[in-house]
Amino acid sequence: MADLNKLAKMLQELDDQMVACMKCGMCQAVCPVFAETMREADVTRGKIALLENLAHEMIKDPESVQERVNKCLLCGSCAANCPSGVQIMDIFLRARVIVNTYVGLSPAKKAILRGMVANPRLFNMLLDIGSKFQGLFTSQANELLGSSCSKIMSPIIGDRHFSPLAKKSLHSKYGSLDIPTGKSGIRVLFYPGCVGDKMYTSMAEACLKVFRHHGVGVYMPDAQACCGIPALSAGDRVAYDRLVKYNVELFSKGEFDYIISPCGSCTSTIKELWGHMGDDYPEELKRKIASFAEKAMDISEFVVDVLGVNPESVSTGGKKVTFHDSCHLKKSLGVFKQPRDLIRMNKNYELVEMSEADRCCGCGGTFNLYHYDLSKKIGQRKRDNIVASGTQVVATGCPACMMQMTDLLSQNNDSVQVRHCIELYAETLG
């Protein structure tokens, strides 16, 4: 069991954050999990009622508390619609840390999060090896979507259709980049994120192409680490703190004006969570995190708002494409117009809005791993809206959402491609 004094302090801090909740129930109308289960325990109001008596409940039935606290997408829909402005995501993340600190992580989670993910060079090496041998265990599921499936691994991963690891990761191809400022007078730290580095490298390459075209200098240090959101979502504060401190030290070695990522989750973690969850960090580390938070920006926001790229007219020809608003990009960062502007820059595409464009796709990062059947049910509504739009392409600003939509569309044998909005804009640059 963890140090009781530390847990007591964490519980008190959690109580201080929850007092603003009026139990109004507005969260019921927007919670994707509640829409499927219709259980009060699965909605924000029900979870806060549990957390208000967390110490007693943990002692009484810690495993049940852990299950209920973890059964959340962390999509932020409740926070975005809360009339009292309760910092719900902060509350839920801190609650996960408390519960998982009390109960303890499983040996498997410790091995993955602390042994692999929090050790970026080892993590990179293992996945580079995995990319070379993945063909032995997987087979193609949908040629258009480029998805794979695996009967051999089905006892572990279920019937998922997934995007394979890239044949050559971004870090293997480039190592580190240190490109001086060009005509733009701007230099960025490029943070592709784990998925951009190891899976959707075409998305990361599109970002680099945009930087070259606009004369943007690029600092991309080798062996970047995960932003930490998977570890924090799992309640592993040890791995999370290790990743934050590693990245801050790495970032501090370069000079740049912005931190740019094509992943809304990574951007919101750097911009918001690093600071919010760093109460106990040394002052110097807090200062650096605050500086990096000000510089963190989504790639579409950077291209449109900083580089000044805007469509002159609306295209009405070519392939029809719809756009899915990822939760972190829209609800956390407030970015939704800019990615649509990037799509409209490509005259070969016509943007068609789908119904409920900003409704969660059901991925939720680790939620998809532990609650896959529920994740699929939530995601099916997104898949149905994509197909109903009559488009040939669905674009988004989050690689995790790309993975989820690829799975759902592939399993339904739909002829809809999944792209990142920056890829569509990069196509216009020759």
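Structural data are supplied above this passage.
Residues numbered from 1 in each chain as written. Predicted model: local features only at pLDDT ≥ 70, side-chain atom pairs only at ≥ 80, totals over all residues. Heavy atoms only, no water.

**Student:** Help me understand the overall build of the chain in this model?
**Tutor:** Within the chain, the regular secondary structure consists of 24 helices and 11 strands. Computed over its C-alpha atoms, the radius of gyration of the chain comes to 21 Å, within 12% of the 22 Å expected for a compact globule of 430 residues. C-alpha extents for the chain along the principal axes are approximately 60 × 50 × 50 Å. Residue burial in the chain is summarised as follows: out of 430 residues, 54% are buried. (Helix = DSSP H or I, 4+ residues; strand = E, 2+ residues; numbered from the N terminus. Rg over C-alpha atoms; globule rule 2.2 N^0.38 Å. Buried < 20%, exposed > 50% of the residue type's maximum accessible area, 1.4 Å probe, protein only.)

**Student:** For this particular structure, what's the right way to read the pattern of salt bridges?
**Tutor:** Once the charged atoms of two side chains with opposite charge are near each other, the side chains can pair. Under the counting rule described, the total for this entry stands at 25 salt bridges. One salt bridge connects Arg114 with Asp236, and the closest N-O pair in it is separated by 3.0 Å. A residue pair is termed long-range when its members are at least 10 positions apart, and Arg114 in helix H8 (residues 107-117) and Asp236 in the loop between helix H14 (229-233) and helix H15 (237-251) qualify at 122 residues. Take Arg114: its relative accessible area is 26%, and that puts it in the partly exposed class. (Salt bridge = Lys/Arg side-chain N within 4 Å of Asp/Glu carboxyl O.)

**Student:** Please explain unusual backbone geometry as it appears in this structure.
**Tutor:** The phi angle of most residues is negative, glycine excepted, and most peptide bonds adopt the trans form. The backbone phi angle of Met38 is positive, close to 55°, even though this residue is not glycine. For Met38, the location among the structural elements is in the loop between helix H2 (32-37) and helix H3 (44-51). Residues other than glycine seldom take positive phi values, yet Ala223 does so here, at roughly 60°. When you line up the elements, Ala223 lands in the loop between strand E5 (217-220) and H14. Residue class for Ala223 comes out buried when judged on its relative accessible area of 2%.

**Student:** Quick question: what am I supposed to make of the sheet that holds strand E4 (residues 187-190) here?
**Tutor:** What links the strands of a sheet is backbone hydrogen bonding, and the strands pair in either a parallel or an antiparallel sense. In space, the 5 strands of this open sheet follow the order E3-E5-E4-E6-E7, with mixed pairing throughout. Taken across any chain shown, the strands that pair with only one partner, and hence form the sheet edges, are strand E3 (177-179) and strand E7 (296-298). In this sheet, neighbouring strand axes are inclined to one another by 35° on average, regardless of whether the strands run parallel or antiparallel. When E3 meets E5, the two strands line up antiparallel, connected through 3 bridges. In the sheet register, Leu177 faces E5, and the bridge partner there is Met220. Most of the contacts of helix H16 (residues 264-276) go to E7, to which it runs at about 155°, and overall it touches strand E6 (258-261) and E7. Strands in contact with helix H17 (residues 283-295) are E6 and E7; relative to E7, the strand with the most contacts, it is inclined by about 25°. (Pairing = 2+ DSSP bridges. Axes fitted to C-alpha atoms, helices over the stretch in contact; angles between N-to-C directions. Contact = heavy atoms within 4.5 Å.)

**Student:** Honestly, the nonpolar core in this entry has me stumped. Any pointers?
**Tutor:** Note on soluble globular proteins: their nonpolar side chains tend to be buried together. Membership of the largest hydrophobic core comes to 73 residues, with the highest contact counts inside it found for Leu51, Leu54, Phe92, Tyr240 and Phe251. At 10 residues, helix H7 (residues 88-103) tops the list of elements feeding residues into this core. In contact with Leu51, other than residues within four places in its own chain, are Leu14, Asp15, Met18, Val69, Ile91, Phe92 and Ala95. Listed in part, the 53 residues of the second largest apolar core include Val218, Val304, Ile343 and Val394. (Core = buried A, V, L, I, M, F, W, Y, C linked by side-chain atoms within 4.5 Å.)

**Student:** In this structure, what is going on with the packing of H15 against H16? I would like to understand it.
**Tutor:** Helix-helix packing is characterised by the crossing angle of the two axes and by the distance between the axes. As a packed pair, H15 and H16 sit with axes 12 Å apart at the nearest point and diverge in direction by 115°. The handedness of the crossing between H15 and H16 is left-handed. Together, Tyr240, Val244, Asn247, Val248 and Phe251 of H15 and Ile270, Leu273 and Trp274 of H16 make up the contact between the two elements. In terms of residue class, the contact of H15 with H16 is built from 7 nonpolar, 1 polar and no charged. (Left-handed = near helix turned anticlockwise from the far one by under 90°. Nonpolar A, V, L, I, M, F, W, Y, C, P; charged D, E, K, R; others polar.)

**Student:** I keep staring at the packing of helix H18 (residues 299-306) against helix H20 (residues 337-344) and nothing clicks. Help me out?
**Tutor:** In the contact formed by H18 and H20, the axes pass within 8 Å of each other and the chain directions differ by 75°. Relative to H20, the element H18 lies roughly perpendicular. Of the residues in H20, those touching H18 at Ser300, Glu301, Val303, Val304 and Asp305 are Gln338, Pro339, Asp341 and Leu342. In terms of residue class, the contact of H18 with H20 is built from 4 nonpolar, 2 polar and 3 charged. (Parallel < 35°, antiparallel > 145°, perpendicular 65-115°, else oblique.)

**Student:** I would appreciate a short explanation of the packing of aromatic side chains in the present structure.
**Tutor:** The geometry of an aromatic ring pair is captured by the separation of the ring centres together with the interplanar angle, meaning the angle of the planes. Throughout the structure, instances matching the rule amount to 8 aromatic pairs. Among the aromatic residues, those joined into a ring-pair cluster are Tyr191, Tyr219, Phe251, Phe256, Trp274 and Phe292. Between Arg160 and the ring centre of Tyr372, over which it is positioned, the NZ or CZ distance is 3.9 Å. When the ring centre of Phe336 is taken as reference, the NZ or CZ atom of Lys330 above it lies at 5.2 Å. (Phe/Tyr/Trp six-rings, centres within 6.5 Å; stacked < 30°, edge-to-face > 60°. Lys NZ or Arg CZ within 6 Å of the ring centre and 35° of its normal.)

**Student:** How should I be thinking about a nonpolar patch on the surface in this particular structure?
**Tutor:** There is a patch of nonpolar side chains on the surface, built from Met125, Leu126, Ile129, Phe133, Leu136, Phe137 and Ile152 and spanning about 700 Å² of accessible area. Considering the arrangement of structural elements, one finds Phe137 in the loop between helix H9 (120-133) and strand E1 (139-142). (Patch = residues over 30% accessible without salt bridge, like charges linked within 9 Å, V, L, I, M, F, W, Y side chains within 5 Å. Areas by Shrake-Rupley, 256 points an atom, 1.4 Å probe, with all protein chains shown as cover.)

No statement about biological role is implied by the geometric values presented.
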